[in-house]
Amino acid sequence: MLDISLSDLVLVYGLILFSLVLMRMNRVGGEVELLTASLRMLVQLLAAGYLLHLLFSLRQPLLILLVLLVMLFFAVITVGGRVEQRLPRFYRVVGSAMLIGCGSGTFYLTYIVLGLSPWYEPRYLIPLTGMILGNAMTGAALAAERLAGEMAIRQDEIETLICLGASPRQASSSAIRAAFRAAMIPAINAMAAMGVVFLPGMMTGQILSGTEPILAVRYQITIMCVITGSVALTTCLILLPGYRGYFTAAEQLRRDLLRKAV
Amino acid sequence: MHEFELHNVTRYQALDAGGEVTILSQINTGLERGRLSALIGPSGGGKSTLLRLLNRLDEPDAGQIERRGKLLHSYPVRQLRRKVAFMPQQTTVFAGSLKDNLLLAQTFCLPGSAEFSQHSLNAILERVGLSPHLLDRAAADLSGGERQRLALARLLLAEPEVLLLDEPASALDPPAREQLGQFLRKQVEAGISVIFSSHDMAFVRRFADNFLFLSKGQIRVAGKIAGLEQVQDPEFSRFLNAEGEPC
């Protein structure tokens, strides 16, 4: 693979300066944000690169597990930041859903499909987990936000069904279905557009680093299937305990929580 | 015999700004079985809250409610809600036809039962005063009064023993109010206890057997409609005057 030296990096940062000048000339505003974001990118990616380099050389399973847990922690915090209407017991529900949903997806991919040896091989485990977590994060945020919104919008409908003798699950089924559909849309759209509208990042990266395009394609198909499965499982694990938080033990709709959400 | 007995029932409501407000305070009363009882009083007096407590859509914060001598808690909650049917002020109809609405309700009201025949569905619609010709019509196209009757038809599928109705006459024109009143009287004659909230004193006088005047979360006056004129309570008099009734 062709090397990118530090002087090459300085050269490409010239394009950031070029963008800054264009923004300045057109009085767009936000030049400080562009500069800050580009510097954050530089620092964060360099730090991540050195950390990965260290992890790859240390090859300590416990340390790698700890890194994965830290990644999960930040993913859950990020979901919390993205969501305006929060479910009851938000962090507990989303955290455990992402742990099980992404954990199962990662295990399935690395242990059953790829047969990784040793199981903690960081060169594979960390980036693949990162991809699964990143996509599950989007699904989790959509599922959690949409469920809260649908429960608020449909509260009269839900209570009408409760009055007819429906269980909370039956009464909330429309809200759950709408949230499930919303959470799956990005994964479905990505699969449908892949290869035609855009070439995915992982596949492009592999091809640039010298991997045979057909093998890179197989990797991409594999990771997309695992991502879809992980998003579906994470979504389910958010929605099923999530709707229950809006009901009391006596199956009464907690309108006090929904009033705040509207 | 009482359908419901309330003992020191208190209910608070949390405020968005923090703290809470008392909606019902130390309510002690009985609601007669097989009668048409009206909850009357100014807005915010606690009428809707009281109705919601009777089929456990909400829970009292203190006190106890008994139904036919048994604590409300001792009934399985879904079974209780089928037998003590509640219709809110804003009725909800579901997507699809009237038939879809009735069949959807049937899955919850009568779980495990065979799907209703056309004849049974027609009979239910006729019972609430809707023409069987409307069965395949989109529920969204119904008028306010027709929607209310559809909501009643859905509740009647479970053959309830009590009907709780929150302001059922408020959105109806005079002929529809008269029809509703006649319908409610028929249910009482069939042995169903009917408890409804209302601002409409003409409707209450014409159809109810008993009344209960709630104001600021407390029962000020309760009794038979026949004794309404004899009530000596300044707040009650003010309410009747405000509703345009002679006192």
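Here the residue index of a chain counts from 1 through its sequence in written order. Each chain takes a letter, starting from A, and each ligand takes a number, starting from 1, following the order in which they are written. The predicted origin of the model limits local features to residues at a pLDDT of at least 70 and limits the giving and counting of side-chain atom pairs to 80 or more, whereas totals for whole chains, interfaces and linings rest on all residues. With hydrogens and water set aside, each side-chain value is computed from the structure's full complement of heavy atoms.

**Student:** Explain the overall build of chain B to me, using residue names and the numbers behind them.
**Tutor:** Helix and strand labels come from DSSP, where a helix needs a run of H or I of at least four residues and a strand needs a run of E of at least two; each type is numbered from the N terminus. Each helix and strand counted, chain B has eight helices and ten strands in total. The size measure is the radius of gyration over C-alpha atoms, and the globule rule it meets is 2.2 Å times the number of residues to the 0.38 power. Over its C-alpha trace chain B gives a radius of gyration of 18 Å, about what one expects of a compact globule, namely 18 Å for 247 residues. Expressed as lengths along the three principal axes of its C-alpha atoms, the size of chain B is roughly 55 × 40 × 40 Å. A simple rule labels every residue: compare its accessible area, found with a 1.4 Å probe on the protein chains alone, to the largest value its type can have, and call it buried under 20%, exposed over 50%, or partly exposed in between. Residue burial in chain B is summarised as follows: out of 247 residues, 51% are buried. The contacts of chain B with a sequence gap of at least 6 include a subset with a gap of at least 24, amounting to 66%. Each charge sign in chain B was given a centre, from 28 positive and 29 negative side chains, and these centres are 3 Å apart. Contact definition: two residues touch when any of their heavy atoms are within 4.5 Å. In this tally, Lys and Arg are treated as positive and Asp and Glu as negative; His is ignored, and so are the chain termini. Throughout, a charge is located at the NZ atom of Lys, the CZ atom of Arg, the CG atom of Asp or the CD atom of Glu.

**Student:** Could you give an account of the overall build of chain A, with specific residues and numbers?
**Tutor:** Of the regular secondary structure elements, chain A holds eleven helices and zero strands. Along chain A, helices (α) and strands (β) appear in the sequence α-α-α-α-α-α-α-α-α-α-α when read from the amino end. With respect to the three principal axes, the spread of C-alpha positions in chain A is 70 × 55 × 35 Å. Within chain A, buried positions represent 40% of all 262 residues. Relative to all contacts within chain A whose residues are 6 or more apart in sequence, the contacts with residues 24 or more apart total 73%.

**Student:** I'd love a proper account of the domain arrangement of chain A, names of residues and values included.
**Tutor:** All names here are of chain A. Each domain's extent is set by a domain assignment, obtained either automatically or from a database. Entries for chain A in the domain assignment read domain 1 (1-58) and domain 2 (61-261). If you average the C-alpha positions of domain 1 and of domain 2, the two centres end up 30 Å apart. The partner domain 2 presents seven residues to the five residues of domain 1 that form the contact. Throughout, buried area stands for the accessible area (probe radius 1.4 Å) lost by two parts on being put together, summed over both. Of all residues in domain 1, Met1, Leu55 and Phe56 bury the most surface against domain 2, accounting for 83% of the area lost on that side. Pairing of N or O atoms within 3.5 Å defines a polar contact, subject to two protein rules: one partner must be a possible hydrogen donor and the other a possible acceptor, and residues neighboring in sequence count only if both atoms are side-chain atoms. Remark: the boundary between domain 1 and domain 2 carries zero residue pairs in polar contact (both at pLDDT 80 or more).

**Student:** Describe the interface of chain A and chain B, listing the residues and the values that go with them.
**Tutor:** Between chain A and chain B, the residue contacts involve 19 residues of the former and 22 residues of the latter. Counting each side, the surface lost to burial between chain A and chain B is near 1,900 Å², with a carbon and sulfur contribution of 55%. Definition used for salt bridges: Asp or Glu carboxyl oxygen within 4 Å of a side-chain nitrogen of Lys or Arg. Summed over the shared surface of chain A and chain B, the number is two salt bridges. Counting across the chain A and chain B interface gives eight residue pairs in polar contact (both at pLDDT 80 or more). No other element matches helix 6 (residues 155-163) of chain A, which puts seven residues into the side of chain A that touches chain B. In this classification, the charged set is Asp, Glu, Lys and Arg, the nonpolar set is Ala, Val, Leu, Ile, Met, Phe, Trp, Tyr, Cys and Pro, and all remaining amino acids, among them Gly, are polar. Broken down by class, the residue content of the side of chain A that touches chain B amounts to seven nonpolar, five polar and seven charged.

**Student:** For the nonpolar core, give the residues involved together with the corresponding values.
**Tutor:** To form a nonpolar core, buried Ala, Val, Leu, Ile, Met, Phe, Trp, Tyr and Cys residues must be joined to one another through side-chain atoms within 4.5 Å. Core analysis: the largest hydrophobic core is formed by 131 residues, its most contacted members being Met98 of chain A together with Phe4 and Phe236 of chain B. Of all the elements, helix 5 (residues 122-153) of chain A adds the most residues to this core, at 13 residues. Apart from residues no more than four positions distant in its own chain, Phe4 of chain B is found in contact with Thr29, Gly30, Leu31, Leu54, Ile65, Glu66, Arg67, Leu72, Val84, Val162 and Ile195 of chain B. In this structure, Ile64, Val67, Tyr120 and Leu125 of chain A belong to the second largest nonpolar core, which totals seven residues.

**Student:** Provide a residue-level description of a nonpolar patch on the surface, including the pertinent values.
**Tutor:** Residue and element names in this part refer to chain A. Patches draw on residues past 30% relative accessible area with no salt bridge. Two like charges within 9 Å are joined, as are two nonpolar side chains (Val, Leu, Ile, Met, Phe, Trp, Tyr) within 5 Å. Note on areas: Shrake-Rupley with a 1.4 Å probe; residue coverage comes only from the protein chains shown. A contiguous nonpolar patch, built from Leu51, Leu54, Leu58, Leu63, Leu66, Val70, Phe73, Phe74, Ile77 and Tyr91 and spanning about 910 Å² of accessible area, is present on the exposed surface. Contributing elements (two or more residues each) for the nonpolar patch: helix 2 (31-58) and helix 3 (61-82). Top element by residues in the nonpolar patch is helix 3. It accounts for six residues.

**Student:** Tell me about the pattern of salt bridges, and please be specific about residues and values.
**Tutor:** Inspection of the entire model under this criterion finds 26 salt bridges over all chains. Residue Arg24 of chain A is joined to Glu31 of chain A by a salt bridge in which the shortest nitrogen-to-oxygen separation is 4.0 Å. As a salt-bridge pair, Arg78 of chain B and Glu251 of chain A come within 2.7 Å of each other at their nearest N and O atoms. Within this pair, whereas Arg78 of chain B is found in helix 2 (residues 77-83), its partner Glu251 of chain A is found in the loop between helix 10 (213-244) and helix 11 (255-261), the two belonging to separate chains. Looking at Arg78 of chain B, the relative accessible area reads 31%, which means it is partly exposed. Connected through shared salt-bridge partners, Asp156, Glu159 and Arg255 of chain A together with Arg11, Arg52 and Asp58 of chain B make up one network.

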